Amino acid sequence: MRIKTNIDHIIWILTVLLLASFVILELNGGAAALFAISAVTLLLVMKKNHGKIKVDYYQIMVTIFAIYCCMTSLWANNSGRSIEAGLAIIKIIICLTVYYTYYCKEESIDRLLNAVMWSGYIVVIYAWIFYGPSMVVEILTGGGKLENSFANINTTAMTASTSIMLSFFLMFKEKKKRTVLIVFDILSIMVVAASGSRKALVLAVIGVTAVILINNASKSLIKTVVKWIGIGIVLLVSFRILLSLPAFSMVNQRMEGLFAMILGHGEVDHSSFLRQSYIRVGIEQFKKSPWLGFGMDNTYLITSVVEGNRTYLHNNYVELLAGGGVTALLLFYSIYIYLLFEFLKDWKTGDIYSRLCIIWMGILLIMHYGAVVYYDKTSYFYMMIFFLQTNIIKKHKEMERMKNACIREG
């Protein structure tokens, strides 16, 4: 195990600040702050790594996708936006390569998970200060939801939910309760409730449930199934009770509207109706140019038929199909397919980090149905964590192979 120096601690703090800045500065520019954090990190990593940069499948696969985004400018109505989308992804991957280079030498992704968790807590505290405790409590007790401000409220809430999931994972792993994390989790779930975000609630519930399940598996399949059924029943009842509380009244109403849309009966809320309409126009556009699309980041040109809104399609799958066709969809999601295969190969070893990554990836893929993320900085950071975990798996296998070889020779 490497002994952590002052430089290591500073880089970790800068990682936390970078992640928090992705959200806090989302709608307020912040390019200068992000550049400053990345520049200082680069200098420290270069000093630590003797000027070497690590390039792997992560950078290669994402760069190929980014180049394709730029290529769609050749047939896009607004070629400038397609080029900007591709260049934005390239800038993100250049920035994150610095962090990839540093963290690829770690023996586990533990420090990165802590960085993500604490950055989420910083966002939560910032939200409490920005909106004011009185407004948050008023919304929780009287209904309504927080509006977009320093960031999209869904982004803020989902960041909070991710921290909740990771805190449960780390507490289970360490087999001890950490009071400070529980306090932050309570503040986080209050922000999720006040946000009215369905995605954030689903992320928190599925994430925490999955973490509890993988930490209650045993060698006996029957015992595992019995445990999981019992835990599932308790959590399902708890979830129903949670939604019945006044604090979650807005989320409950929006969930009911979503289920009404899916099941085809009941009152569909306006947000669900809009999202379904965006998906419909996106699919219609996809049918006109199924293989290449009509230009990345050009979908705002077709959403105007839905109540005059010029926006994105609120669905990453449909956004990719409409903008870049099947080609864009395959290039982007081949990254997740590659990661999934790498993790599944390691499933039998019982590596708890790999199982967390599978859960996390699965939740993110569900979330992609309600959000456009192919140019999202945080999504590529999470992707970086997944790639680093696959590298750790490979290192462990290589060490095991060498160990066995030495034993045979001895």
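Below, the structure is looked at part by part.

Parameters and conventions
- Residues numbered from 1 in each chain as written.
- Predicted model: local features only at pLDDT ≥ 70, side-chain atom pairs only at ≥ 80, totals over all residues.
- Heavy atoms only, no water.
- Helix = DSSP H or I, 4+ residues; strand = E, 2+ residues; numbered from the N terminus.
- Buried < 20%, exposed > 50% of the residue type's maximum accessible area, 1.4 Å probe, protein only.
- Contact = heavy atoms within 4.5 Å.
- Phe/Tyr/Trp six-rings, centres within 6.5 Å; stacked < 30°, edge-to-face > 60°.
- Lys NZ or Arg CZ within 6 Å of the ring centre and 35° of its normal.
- Expected span 1.5 Å × (residues − 1).
- Axes fitted to C-alpha atoms, helices over the stretch in contact; angles between N-to-C directions.
- Parallel < 35°, antiparallel > 145°, perpendicular 65-115°, else oblique.
- Nonpolar A, V, L, I, M, F, W, Y, C, P; charged D, E, K, R; others polar.
- Salt bridge = Lys/Arg side-chain N within 4 Å of Asp/Glu carboxyl O.
- Core = buried A, V, L, I, M, F, W, Y, C linked by side-chain atoms within 4.5 Å.
- Left-handed = near helix turned anticlockwise from the far one by under 90°.
- Patch = residues over 30% accessible without salt bridge, like charges linked within 9 Å, V, L, I, M, F, W, Y side chains within 5 Å.
- Areas by Shrake-Rupley, 256 points an atom, 1.4 Å probe, with all protein chains shown as cover.
- Lys, Arg positive; Asp, Glu negative; His and termini not counted.
- Charge placed at Lys NZ, Arg CZ, Asp CG, Glu CD.

### Quick word on the overall build of the chain
Within the chain, the secondary structure is distributed over 16 helices and 0 strands. Looking at the chain as a whole, 51% of its 410 residues are labelled buried. Long-range pairs, those at least 24 residues apart, make up 77% of the contacts in the chain with a sequence separation of at least 6.

### A few points about unusual backbone geometry
Of note in this structure, Asp297 is not a glycine but carries a positive phi near 60°. Among the structural elements, Asp297 can be located in the loop between α12 (270-288) and α13 (300-303). Backbone geometry at His314 places phi at a positive 60°, although glycine is not the residue there. Note on placement: His314 falls in the loop between α13 and α14 (316-345).

### Here we look at the packing of aromatic side chains
To describe a pair of aromatic rings, one takes the distance between the centres and the angle between the planes. Here the structure, examined in full by the defined rule, presents 25 aromatic pairs. Aromatic side chains Tyr58 and Tyr100 sit 5.4 Å apart centroid to centroid with 20° between the ring planes, which places their arrangement in the stacked category. Of this pair, Tyr58 sits in helix α3 (residues 57-71) while Tyr100 is found in helix α4 (residues 79-103), placing the two residues 42 residues apart along the sequence. Accessibility classification places Tyr58 together with Tyr100 in one group, the buried group. Taken together, the ring pairs connect Phe65, Tyr317, Phe332, Tyr333, Tyr336, Tyr374, Tyr375 and Tyr380 into an aromatic cluster. Sitting over the face of the ring of Tyr300, Arg81 holds its NZ or CZ atom 4.2 Å from the ring centroid.

### Points about helix α5 (residues 110-131)
With 22 residues, α5 extends 32 Å between its outermost C-alpha atoms, agreeing within 8% with the 32 Å of an ideal straight helix rising 1.5 Å per residue. Across the 22 residues that make up α5, a large majority, 16, are buried. Following α5 by one or two positions, Gly132 adopts a phi angle in the positive range, close to 90°.

### Observations regarding helix α7 (residues 153-174)
The terminal C-alpha atoms of α7, which comprises 22 residues, lie 32 Å apart, in line with the 32 Å expected from a rise of 1.5 Å per residue. Counting buried positions along α7 yields 17 of 22 residues, so the element is predominantly enclosed. Within two residues after α7, Lys175 carries a phi angle of roughly 60°, on the positive side.

### Concerning the environment of Leu187
Mapping Leu187 onto the fold places it in helix α8 (residues 179-195). Considered as a pair, Leu187 and Val124 are 63 residues apart in the sequence and their alpha carbons are 7.2 Å apart.

### Concerning the environment of Ile24
Following the sequence through the fold, Ile24 ends up in helix α1 (residues 6-24). Separated by 103 residues in sequence, Ile24 and Ala127 have C-alpha atoms that sit 8.7 Å apart.

### Let's talk about the packing of α7 against helix α9 (residues 198-214)
Relative to each other, α7 and α9 sit at 10°, their axes nearing to 8 Å. When the axis of α7 is compared with that of α9, the two are roughly parallel. Between α7 and α9, the residues in contact are Asn154, Ala157, Met158, Ser161, Thr162, Ile164, Met165, Phe168, Phe169 and Phe172 and Lys199, Ala200, Leu201, Leu203, Ala204, Gly207, Val208, Val211 and Ile212, respectively. Here the residues of the contact of α7 with α9 sort into 14 nonpolar, 4 polar and 1 charged.

### Here's the deal with the pattern of salt bridges
Under the counting rule described, the total for this entry stands at 7 salt bridges. In this structure, the salt-bridge partner of Asp8 is Lys48, at a minimum N-O distance of 3.1 Å. Of this pair, Asp8 sits in helix α1 while Lys48 is found in helix α2 (residues 31-48), placing the two residues 40 residues apart along the sequence. Asp8 sits in the buried class, given a relative accessible area of 1%. With a closest N to O distance of 3.5 Å, Lys287 and Glu284 form a salt bridge. With a gap of 3 residues between them, Lys287 and Glu284 both fall in helix α12, about one helical turn apart. Classification of Lys287 by relative accessible area gives exposed; the value is 54%. On the basis of relative accessible area, Glu284 is assigned to the partly exposed category, the value being 42%.

### Observations concerning the nonpolar core
The biggest cluster of nonpolar side chains holds 105 residues, and the ones touching the most others in it are Tyr58, Phe65, Trp360, Tyr374 and Tyr380. What Tyr58 contacts, discounting residues up to four positions off in sequence, is Ile93, Leu96, Tyr100, Tyr380, Met383, Met384 and Phe387. With 10 residues, the next largest nonpolar core counts Leu274, Phe294, Val306 and Ala322 among its residues.

### Points about the packing of α1 against α2
Packing of α1 against α2 leaves a shortest axis separation of 10 Å and a crossing angle of 155°. On the basis of the axis angle, α1 is roughly antiparallel to α2. The interaxial crossing formed by α1 with α2 has left-handed handedness. Residues Ile7, Asp8, Ile10, Ile11, Leu14, Leu17, Leu18, Ser21 and Phe22 of α1 form the contact with α2, whose participating residues are Leu34, Ile37, Ser38, Val40, Thr41, Leu44, Val45, Lys47 and Lys48. Each residue belonging to the contact of α1 with α2 can be placed in one class, and the counts come to 12 nonpolar, 3 polar and 3 charged.

### Topic: a positive patch on the surface
On the surface, Lys52, Lys54, Lys105 and Lys395 cluster together into a patch of positive charge. Relative to the helices and strands, Lys52 is located in the loop between α2 and α3.

### Some points on the side chain of His368
Position of His368 relative to the elements: it lies in the loop between α15 (352-367) and α16 (377-409). For His368, a relative accessible area of 2% translates into the label buried. Apart from the residues within four sequence positions on either side, His368 is in contact with Asn315, Asn316, Tyr317, Phe332, Tyr333, Tyr336 and Val373.

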